[in-house]
Amino acid sequence: QVPLVESGGGLVQPGGSLRLSCKASRAILSTFTSFNKAWYRQAPGESRELVAIITNQGSTNYADSVKGRFTISRDNTRKTIYLQMNDLKTDDPAVYYCNMGNEDTNAWGSGNQVAVSS
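Residues numbered from 1 in each chain as written. Predicted model: local features only at pLDDT ≥ 70, side-chain atom pairs only at ≥ 80, totals over all residues. Heavy atoms only, no water.

Draft legend 1. How the structure looks around the packing of aromatic side chains. This model, assessed by the stated rule, comprises 1 aromatic pair. A centroid spacing of 5.0 Å and a plane angle of 50° characterise the contact between Tyr40 and Trp108, whose relative ring orientation is tilted. You can see Tyr40 sitting in strand E4 (residues 36-42) and its partner Trp108 sitting in strand E10 (residues 106-109), a full 68 residues away along the chain. You can call Trp108 buried: its relative accessible area is 14%. The aromatic ring of Phe32 is capped on one face by Lys37, whose charged end is 4.4 Å from the ring centroid. Positioned above the aromatic ring of Tyr97, the side-chain terminus of Arg48 is 3.9 Å from the ring centre. (Phe/Tyr/Trp six-rings, centres within 6.5 Å; stacked < 30°, edge-to-face > 60°. Helix = DSSP H or I, 4+ residues; strand = E, 2+ residues; numbered from the N terminus. Buried < 20%, exposed > 50% of the residue type's maximum accessible area, 1.4 Å probe, protein only. Lys NZ or Arg CZ within 6 Å of the ring centre and 35° of its normal.)

Draft legend 2. Expanded view of the pattern of salt bridges. Under the criterion given, the structure shown has 6 salt bridges. Between Lys67 and Asp64 there is a salt bridge, with its nearest N and O atoms 3.1 Å apart. Of the residues examined, Lys67 reaches a relative accessible area of 47% and is grouped as partly exposed. Among the residues examined, Asp64 registers a relative accessible area of 65% and is labelled exposed. We note a salt bridge from Asp92 to Arg69, for which the minimum N-O separation is 2.7 Å. (Salt bridge = Lys/Arg side-chain N within 4 Å of Asp/Glu carboxyl O.)

Draft legend 3. Just the state of the cysteines, in detail. Scanning the model with the defined rule gives 1 disulfide in all. Two residues share a disulfide in this structure: Cys22 and Cys98, whose sulfurs sit 2.0 Å from each other. Its torsion about the S-S bond being 65°, the disulfide of Cys22 and Cys98 is classed as right-handed. Taken as a pair, Cys22 in strand E3 (residues 18-23) and Cys98 in strand E9 (residues 94-101) lie far apart in primary sequence, 76 residues in all. A relative accessible area of 0% means that Cys98 is categorised as buried. (Disulfide = S-S within 2.5 Å.)

If you want it as structure tokens, here you go:
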């Protein structure tokens, strides 16, 4: 698995916003556009959950728990994907992981810690 460079995690109050970023590493820069791209999250004691996905064709889908609040996007120039997280709730804290890949590649970020606390 190829690590991706993540940033943007942190601590926010309920109702706050964060934007997570995930930049492709050098090894996969040339194939960034062809990848399906996704954000996952994993809370303590839970399995890794798919949060949002954008396919290589540009279509998106979201977990029901984040629909209307989170938006996944990509920047093909910067070779970066984003997760805009609005109206964060107490059920959202987790380590968030970006993922990019195809049938030959499965690259993961090291994780962004997102905490929500008053």
